[in-house]
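Observations on the model geometry
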Amino acid sequence: MTITVDLGARSYDVAIGDGVRRGLKDLIAKRAPKAQVAVIVTSPSLRAQPWFDFETGISQHVLEVPEGEDAKTLQTVEALLEKIASLGLSRNDILIAVGGGAVTDLGGFAAASYLRGIGLINISTSVAGQVDAAIGGKTGVNLSAGKNLVGAFHQPLGVFCDFETIATLPERERLAGMGEVAKCWLLEGRSAKDLGSQTSSELATMAVALKARIVSGDEREGGERALLNYGHTFGHALEVLSLAKSKDELRHGEAVAIGLSFAAHLAHALGRVGAEVIANHNAVLDFFGLSYAAPRDFSVEALLEAMSHDKKAHHDLTFVLLGANGFEVVTGIDPDVVAKTIESFRG
Ligand code: GLY
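So, a few notes on the structure that sits alongside this text. Residue numbers here run from 1 along each chain, matching the order of that chain's written sequence. Thresholds applied to this predicted model are a pLDDT of at least 70 for local features of residues and 80 or more for the giving and counting of side-chain atom pairs; totals over whole chains, interfaces and linings are not thresholded and use all residues. Where side-chain values are given, they derive from all heavy atoms of the structure, hydrogens and water being excluded.

1. Describing the sheet that holds strand 3 (residues 37–42)
Overall, mixed pairing links the 7 strands, which are arranged 1-2-9-6-5-3-4 in an open sheet. Taken across any chain shown, the strands that pair with only one partner, and hence form the sheet edges, are strand 1 (2–5) and strand 4 (59–64). Each strand of the sheet is rotated relative to its neighbour by a mean of 20°, with strand direction disregarded. By the bridge criterion, 6 bridges tie strand 5 (residues 94–99) to strand 6 (residues 119–124) in an arrangement that is parallel. Whether two strands pair depends on DSSP finding at least two bridges between them. By the criteria applied, helices consist of DSSP H or I runs no shorter than four residues and strands consist of E runs no shorter than two, each listed in order from the N terminus. In this analysis, axes come from line fits to C-alpha atoms, helices being fitted only over the stretch in contact, and the angle between any two N-to-C directions falls in the range 0 to 180 degrees.

Quick look at the structure:
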């Protein structure tokens with residue numbers, strides 16, 4: 001299955017399915033015919049996987065970056081760019097990012113920056129990456145002040161969402177990624193009752209199609225793309241506080257799952273939706289086996305503070321919420337209502 005992100009001359013395909021990574025060589029020949037060198041950017045644990053068997057048809061080098069979100073820094077990008085420069089890559093050459101969201105964000109930013117932009121191909125190896133991070137051209141790194149505060153829009157030449165790479169994921173990581181799939185199901189206005197008839201391939205295709213449609217219409221997040229942050233205001237706050245507190249932090253998708261249920265509760269508290277919407281959100285999360293129990297480790301004040309510092313929040317409390325007009329970005333929400341909803345949500 002192939003889904004196109006329609007951006008005129010910069011359009012590209014997202015290939016979805018078992019073994020699709022084997023189309024890499026053909027994609028390079030088609031989309032980067034002058035490329036002579038490819039750098040494959042990945043992490044050590046992914047390089048050791050049985051599916052790490054990429055054939056580019058041109059000279060290729062594997063460059064490792066450290067594992068995880070913690071390594072998504074300017075320092076890591078600088079070290080990577082020095083290695084790329086030492087290999088003498090030209091503007092016609094390409095960078096292939098192989099990994100989850102941390103690697104495709106970081107690798108994408110290196111591709112956007114080197115010689116002011118070289119070709120990028122994403123081979124996404126996590127659930128959340130395949131349905132979200134690898135598609136849409138957002139690249140970047142974290143600062144100590146917050147996640148993804150430095151970056152660039154740099155659309156790839158193509159994206160591969162190969163299910164064979166998901167099969168080797170630890171169960172917790174696979175499950176956490178389903179938080180983004182649940183988000184897409186809810187954004188599509190679908191009922192939990194219809195989930196039973198869906199294959200995992202159909203669910204991934206649904207999520208990729210939603211992302212491709214939204215990015216095609218709003219590449220730079222001037223409007224509808226912001227809806228993809230559904231569940232992320234509360235989720236992001238939990239994720240950031242959890243990361244600061246613990247080595248076994250909440251995964252992004254786990255935090256988003258809690259944030260989705262919270263967004264339904266908040267919409268209800270604001271009189272925007274009925275209680276059946278909360279029930280449907282929770283039933284969707286139950287279907288995927290995702291918990292929506294919010295940890296009690298963080299004070300309401302700390303959560304409010306983290307939410308108002310979210311870079312997408314513009315220093316007030318901004319949520320994507322469902323209401324009579326469908327999903328929309330709602331700004332300037334009364335902190336007292338949010339605080340009370342946190343209390344009641346946590347029970
Ligand atoms: N992850 C949200 C977006 O790509 O816009």
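2. What about the site of the ligand?
Close to the ligand lie Asp132, Lys138, Lys211, Glu221, Arg225 and Leu228, which account for all nearby residues. Pairs of N or O atoms within 3.5 Å make up the polar contacts considered here, provided that, within protein, one atom can donate a hydrogen while the other can accept it, and that residues adjacent in sequence are counted only when both atoms are side-chain atoms. Taking Asp132, its side chain carries an N or O atom lying 3.1 Å from a nitrogen atom of the ligand. Within the side chain of Lys138, a nitrogen or oxygen atom sits 2.9 Å from an oxygen atom of the ligand. Classes in brief: Ala, Val, Leu, Ile, Met, Phe, Trp, Tyr, Cys and Pro nonpolar; Asp, Glu, Lys and Arg charged; the others, Gly included, polar. When the residues that make up the shell around the ligand are grouped by side-chain class, the tally is 1 nonpolar, no polar and 5 charged. Any residue with a heavy atom lying within 4 Å of a molecule or strand is counted as near it.

3. A word on the packing of helix 9 (residues 232–245) against helix 10 (residues 252–269)
As a packed pair, helix 9 and helix 10 sit with axes 7 Å apart at the nearest point and diverge in direction by 135°. Classified by the angle between their axes, helix 9 and helix 10 sit oblique to one another. Classified by chirality, the crossing of helix 10 by helix 9 is right-handed. Contacts between helix 9 and helix 10 involve His232, Phe234, Gly235, Leu238 and Glu239 on the former and, on the latter, His252, Ala255, Val256, Ile258, Gly259 and Phe262. The labels follow the angle: roughly parallel below 35 degrees, roughly antiparallel above 145, roughly perpendicular from 65 to 115, and oblique for the rest. Handedness of each helix crossing follows the sense of rotation of the near helix against the far helix: counterclockwise by less than a right angle gives left-handed, clockwise gives right-handed. The contact rule is simple, with two residues in contact once any of their heavy atoms fall within 4.5 Å.

4. Some points on helix 8 (residues 200–217)
What a helix should span is 1.5 Å times the count of its residues minus one. Between its first and last C-alpha, helix 8 extends 26 Å over 18 residues, near the 26 Å set by a 1.5 Å rise per residue. Each residue gets one of three labels from its accessible area relative to the maximum for its type: buried under 20%, exposed over 50%, partly exposed in between, using a 1.4 Å probe on protein chains only. Turning to helix 8, its buried residues number three or more, namely Leu203, Ala204, Thr205, Met206, Ala207, Val208, Leu210, Lys211, Ala212, Ile214 and Val215. Residues of helix 8 that are buried in the fold lie against strand 1, strand 2 (12–17), helix 5 (127–133), helix 6 (163–166), helix 7 (171–187) and helix 11 (275–288).

5. Focus on the side chain of Asp162
Within the secondary structure, Asp162 sits in strand 9 (residues 158–162). Discounting residues that sit within four places of it in the chain, Asp162 has contacts with Gly17, Asp18, Gly19, Val20, Arg21, Ser124 and Gln130.

6. As for the pattern of salt bridges
Side chains carrying opposite charge are able to pair once their charged atoms draw close together. Salt bridges, as used here, are contacts in which a Lys or Arg side-chain nitrogen is within 4 Å of a carboxyl oxygen on Asp or Glu. Inspection of every chain in the model, using the stated rule, returns 19 salt bridges. A salt bridge links Lys72 to Glu69; its shortest N-O distance comes to 3.1 Å. Among the residues examined, Lys72 registers a relative accessible area of 2% and is labelled buried. When its relative accessible area of 23% is taken as the criterion, Glu69 is described as partly exposed. For the salt bridge of Glu188 with Arg213, the shortest nitrogen-to-oxygen distance reads 3.3 Å. Linking Glu188 in the loop between helix 7 and helix 8 with Arg213 in helix 8, this pair joins segments that are 25 residues apart in sequence. A relative accessible area of 29% means that Glu188 is categorised as partly exposed.

7. Focus on the pairing of strand 7 (residues 138–143)
It is a general feature of regular strands that their side chains alternate between the two faces of the sheet. Taken together, the 5 bridges between strand 7 and strand 8 (residues 146–153) define a ladder with antiparallel strand orientation. Of the residues in strand 8, the one forming a bridge with Leu143 is Gly146. Counting the residues between successive antiparallel strands, the hairpin from strand 7 to strand 8 contains 2 residues.

8. Some thoughts on the environment of Val240
Residue placement: Val240 occurs in helix 9. By relative accessible area, which is 39% here, Val240 ends up partly exposed.

9. Quick look at the packing of aromatic side chains
Each aromatic ring pair is described using two quantities: the centre-to-centre distance and the angle formed by the ring planes. Two rings from Phe, Tyr or Trp (for Trp, the six-membered ring) form a pair when their centres sit within 6.5 Å of each other. Planes less than 30 degrees apart are called stacked, planes more than 60 degrees apart edge-to-face, and all others tilted. Under the counting rule described, the total for this entry stands at 9 aromatic pairs. Ring plane angle 65° and centroid distance 6.5 Å describe the contact between Trp51 and Phe54, whose orientation is recorded as edge-to-face. By relative accessible area, which is 3% here, Trp51 ends up buried. By relative accessible area, Phe54 is classed as buried at 7%.

10. What about the nonpolar core?
Nonpolar cores were defined as sets of buried Ala, Val, Leu, Ile, Met, Phe, Trp, Tyr and Cys residues, with membership established by side-chain atoms within 4.5 Å. Of all hydrophobic cores here, the largest spans 62 residues; its most connected members are Phe234, Phe288, Leu303, Met307, Phe319, Val338 and Ile342. Sorting elements by how many residues they give to this core places helix 10 first, with 10 residues. The contacts of Phe234, once residues within four sequence positions are left out, are Ile258, Gly259, Phe262, Ala294, Leu303, Met307, Phe319, Ile342 and Phe345.

11. As for the side chain of Thr205
By secondary structure assignment, the location of Thr205 is in helix 8. On the basis of relative accessibility, which here comes to 14%, the residue Thr205 falls in the buried class. Separated by 2.8 Å, the side chain of Thr205 and the backbone oxygen of Ser201 make a polar contact.

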